[in-house]
Amino acid sequence: MMLIPCPFCGNRSESEFAYGGPVKPDRPDSHVTDDEGWVAFLTTVPNPVGPVHEHWWHVKGCGAWLTIWRDTRTHDIVEGPPDAG
Amino acid sequence: MQNYSIFALVRHALNGHTTWAPAWRSPPLKESYDVVVIGAGGHGLATAYYLVKEFGVANVAVLERGWLGGGNVARNTVTVRSNYMRDASIPFYVKSVALYEGLADELNFNMMHSKRTMIDVVQTFPKMRELRRRQLTMDIYGSTYVQISTEEVRRRIPALTGGGPDARLPVIGGMVHTDAGVNRHDAVAWGYARGADARGVELHQQMPVINLLRGSDGAIKGVETPRGVVRAPKVAVAVSGHTTTLTETVGLRLPLRTMNLTAFVSEPVKPLVDVVVNCPDSGFYFSQSDKGEMVIGGAPDMGQSFRRDIKQHVFEDTVTAMLSLFPSFRKLKLLRQWGGHLDIAPDASPIMDETDVPGLFVTAGWWGGYKAIPAGGLTFAHLIAKGALHPLMEPFSLKRFKHLDYVMESGTTTAR
Ligand SMILES: Cc1cc2nc3c(=O)[nH]c(=O)nc-3n(C[C@H](O)[C@H](O)[C@H](O)COP(=O)(O)OP(=O)(O)OC[C@H]3O[C@@H](n4cnc5c(N)ncnc54)[C@H](O)[C@@H]3O)c2cc1C
Ligand SMILES: [Zn+2]
């Protein structure tokens, strides 16, 4: 069972949360970005054997949205890389 | 290839079963092949088999990191069906189901194919409407879906005693898919392996590919393994769940995410359910194996995952949903659980193509891809041998992302 740190409620069981998908870069302006960048934004996210950055929603708790880094091999919540947001 | 038959069984029995030949050879690794297939799962083995048998490609090797048939082909719940949603998808699955029905003869290996029908137990009107829309499209391609009443659902699945009128989600009817069945996963892997070996394909187990290798012209030139470099002008990736890990070694990003799908089985009991039961509104499905075990599957873990076990709350959610419809299953002891790595594209449809790296082919995104093994192998072999997509697979190329031409099948599999 994963304990997800909610900024308001502290560590809560994963069963109280809904998964909100991977964190993506900002949506590019489709008139400015090239086709390749636009398609990559819409379709492709990192698929690491290691830490992923993702959104979770404390839907059965306080309702807050939060992001975590989670290791896909263990499901441990980990520190993100220093250069990432 | 030694033939398997009742006569062979008697002959070898008289010799105390000491005279059976191994089902495939274990030859030494060569420095180069015409085609290297990565992954000895269902798709990799079927691809190797059809490459030789249908397209006459000689000099093929399959490289497998673990043991042959130990990946998802051994970890799935063996439901073979063709009740998909899109005009692009249904003919492919109809073809695959048909190939499965002839596979025991094709491979001289008992597939124990049991075309036993799948019944969807429907508990919401939106789901019923969605299945009726599928029925209309499936009808065009000869795949069967028939709506039945709640009474008929209960008559055909006597153990379904929950979901009454007072339940939170009462059963409102069902859909019957008579093409569906189950068969024996080991036989699929071993049958294709034996057939491929007999036609000269080399099967190399304990042979992980660490890196793909590109030549100075940008094209693929081979693979790197712990036992050195193996050169090949064509490399075919069939590694279910691990596709991006490999393609990223040559800088190729693909629209795939890896998830962990899980299943569990009960102790064996007397015959109780003779169809595959799918409960899409409650989020679980099961069938009873020939041994009598209930083979039960639910939803995948939330988020990407390279784990291979069930999460406690996924397990609890699945069991809770199952007991609400099948309360007598409360008495069943559950014996084993496991998971498997599957990669999935944004539209939940497979990806089959030659990539931007010339000579590098991928078959991936097979979420419910056990049913797809025969037609997936046949069409992938076609692509590798001829350099052009098989007509059944044209909608599933990587080009569909360039044009945002999704083949949206989200929701027709166990994906959330
Ligand atoms: C719990 C569960 C239930 C499922 N139920 C169904 C179902 O009912 N019906 C259905 O149609 N589908 C089902 N599936 C999906 C199905 O199992 C897969 O889509 C299908 O098996 C994938 O293709 P494969 O057989 O080639 O994969 P695999 O058998 O996983 O083959 C891939 C092989 O590649 C190898 N490999 C990986 N990386 C490397 C490397 N670097 N070098 C060398 N080898 C490598 C792996 O070891 C593995 O043997 C289920 C899956 C799971 C996990
Ligand atoms: Zn909270």
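My aim in this report is to walk through the structure given alongside it, one point at a time. (Residues numbered from 1 in each chain as written. Chains lettered and ligands numbered in written order. Predicted model: local features only at pLDDT ≥ 70, side-chain atom pairs only at ≥ 80, totals over all residues. Heavy atoms only, no water.)

## Things to note about the sheet that holds strand β4 (residues 118-122) of chain B
Residues and elements named next belong to chain B. Cut-off, in case you're wondering: Paired strands, in this sense, are two strands between which DSSP finds at least two bridges. Helix and strand labels come from DSSP, where a helix needs a run of H or I of at least four residues and a strand needs a run of E of at least two; each type is numbered from the N terminus. With axes taken as lines fitted to C-alpha atoms, and helix axes fitted only over the stretch in contact, angles between N-to-C directions fall between 0 and 180 degrees.
Judged by pairing direction, the sheet is mixed, and its 8 strands sit side by side in the order β5-β6-β4-β14-β15-β16-β13-β17 without closing on themselves. Among the strands making up the open sheet, the edge pair consists of β5 (146-148) and β17 (334-344). On average, adjacent strands in this sheet sit at an angle of 20° to one another, irrespective of strand direction. The sheet contact formed by strand β14 (residues 276-279) and strand β15 (residues 284-288) spans 3 bridges and is antiparallel. Opposite Cys279, over in β15, you have Phe284 as the bridge partner.

## Some points on the coordination of the zinc ion (ligand 2)
Residue and element names in this part refer to chain A. Convention followed: Counted as coordinating are nitrogen, oxygen and sulfur atoms within 2.8 Å of the metal, or 3.2 Å for Na, K and Ca, while water is not included, which may make sites look incomplete. Donor angles set the geometry label: tetrahedral for four donors if every angle is between 85 and 135 degrees, square planar for four and octahedral for six if opposite donors exceed 155 degrees and the others are between 65 and 115, irregular for anything else.
Listed as protein donors to the zinc ion (ligand 2) are Cys6 (SG), Cys9 (SG), His58 (ND1) and Cys62 (SG); their distances from the metal cover 2.0 to 2.4 Å. Around the zinc ion (ligand 2) sit 4 donor atoms, and with donor-metal-donor angles ranging over 102 to 120° the site reads as tetrahedral. Along the chain, the residues donating to the zinc ion (ligand 2) fall in the pattern C-x2-C-x48-H-x3-C. Taken together, the residues Cys9 in the loop between β1 (3-6) and β2 (10-13) and His58 in the loop between β4 (51-57) and β5 (65-71) connect sequence positions 49 residues apart.

## Some thoughts on the sheet that holds β4(A)
In sheet architecture, strand pairing relies on hydrogen bonds along the backbone and comes in two forms, parallel and antiparallel. Residues and elements named next belong to chain A. Ordered by their spatial adjacency, 4 strands build an open sheet running β3-β4-β5-β6, and the pairing between neighbours is antiparallel. Each edge of the open sheet is held by one strand with a lone partner, namely β3 (18-22) and β6 (77-78). The pairing of β5 with β6 spans 2 bridges and is antiparallel. What sits directly across from Arg70, in β6, is Ile77.

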